[in-house]
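Read off the chains here:
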Amino acid sequence: MTGPVPQQTDLDGVDGGVGLTALLVAAARAIETHRHDSLAQDVYAEHFVRAAPACDDWPVRIEQVPGGDDNPLWGRFARYFGLRTRVLDDFLLQSARTHARQVVLLGAGLDTRAFRLDWPSDLVVFEIDRAGVLAFKQQVLTGLSAAPKAKRVPVPVDLREDWGTALTAAGFDPAAPSVWLAEGLLFYLPGPVETYLIDTVDRLTTGGSALAFEAKLETDLLAYRDSPIYTATREQIGIDLLHLFETGPRPDSAGALSAKGWSTSMHTPFDFTHRHGRGPVPQANDALEGNRWVFAHKPRP
């Protein structure tokens, strides 16, 4: 990895709204990367943060954070993102080492798994997101001379559009086993769009495929408006997550997959904190209390 980050960077898609949350996750991954007990390594993450003026003063190491791990945003919330990254890395790699020959990152954002994970040589990674987000990511990665470790196919399309057609047009093969990821995505989408997404994944997958996604179970998200995590995110970096989340009724996507014949399991993040020995633990007025990580597998005929 060589070369400076480009000075003139295309910021369309990451300079506000939901796009800015991709930079929040990148900063969290950078902090996790530099920890002595890191759960996940993403050497590209801090370069995304530094390339965007909106966040060029955000920390990328826990030592830069006033209060360190006691800071609700850059301590506890960032550690949550680090844990999530590791758990989903493991899920994708396990799927790729068994059946999957294709990876589909839904709402890929600033995900660099195509560059940082050790994939089988014949695997293809498809990254679906808005054109501006993918362009910003590509510009930063090109400035770093980053090379993917698998064939990488960006698919610039909004998930509110006919992204299934765009994906197959980009070379995705519905007849080959695949593994899909919707990381930190669904709660930004209207309920009908989530239902369409789940139905499309089911339609485009064959037996032996898998899907992981993150859901929130709260019936009233605003009940956590004054939680330390949401308050710190608003006050420290100006991102009001609850304003960005869709507050309408959420579909039961895990149940829908089960009804279609998939096997599903649902876990709290705290399950994996226990497994890995680090990560967030429950607390009072906890914005993470309703978060669930769902893992689904489509059985072979």
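Our structure's up above, just so we're on the same page.
A. Fine view of the sheet that holds strand 3 (residues 151-156). In spatial order, the strands read 3-2-1-4-5-7-6; together these seven strands make up an open sheet with mixed pairing. Both outer strands of the open sheet, strand 3 and strand 6 (263-267), are each paired with one neighbouring strand and no more. Sheet twist, expressed as the mean angle between neighbouring strand axes with direction ignored, is 15°. As defined by bridge partners, strand 1 (residues 102-106) adjoins strand 2 (residues 124-129) across five bridges and the pair is classed as parallel. Paired with V103 across the two strands is V125, which belongs to strand 2. Strands in contact with helix 3 (residues 72-98) are strand 1, strand 4 (178-182), strand 5 (210-216) and strand 7 (291-297); relative to strand 7, the strand with the most contacts, it is inclined by about 5°. Packing against the sheet, helix 5 (residues 131-143) makes contact with strand 2 and strand 3, and its axis sits at approximately 145° to strand 3.

B. Focus on the nonpolar core. Counting residues in each nonpolar core, the largest one holds 77 residues, and the members touching the most others are L23, F48, W58, W74, W119 and F136. With 13 residues, the single largest contributor to this core is helix 3. Residue contacts for W58: discarding those within four places in its chain leaves L20, L23, L24, A27, V49, R50, W74, I237 and I239. Judged by nonpolar contacts, the second largest core, of 30 residues, contains F126, A182, F213 and A254.

C. Spotlight on empty space enclosed by the protein. Within the structure shown, the criterion is met by one cavity of 30 Å³ or more. Of the voids in this model, the largest cavity is the one considered here, and its volume is about 30 Å³. For the largest cavity, the full set of lining residues is R84, L88, L181, A182, E183, A212, F213, E214 and W293. Secondary structure elements with two or more residues in the lining of the largest cavity: helix 3, strand 4 and strand 5. At three residues, strand 5 tops the list of elements feeding residues into the lining of the largest cavity. Looking at the lining of the largest cavity residue by residue, the class counts come to six nonpolar, no polar and three charged.

Calculation rules
- Residues numbered from 1 in each chain as written.
- Predicted model: local features only at pLDDT ≥ 70, side-chain atom pairs only at ≥ 80, totals over all residues.
- Heavy atoms only, no water.
- Pairing = 2+ DSSP bridges.
- Helix = DSSP H or I, 4+ residues; strand = E, 2+ residues; numbered from the N terminus.
- Axes fitted to C-alpha atoms, helices over the stretch in contact; angles between N-to-C directions.
- Contact = heavy atoms within 4.5 Å.
- Core = buried A, V, L, I, M, F, W, Y, C linked by side-chain atoms within 4.5 Å.
- Buried < 20%, exposed > 50% of the residue type's maximum accessible area, 1.4 Å probe, protein only.
- 1 Å grid on protein atoms, 1.4 Å probe; cavity = no way out; pocket = protein on both sides within 12 Å on 5 of 7 lines; lining within 4 Å.
- Points joined across faces, edges and corners; volume = space filled by probe spheres on them.
- Nonpolar A, V, L, I, M, F, W, Y, C, P; charged D, E, K, R; others polar.

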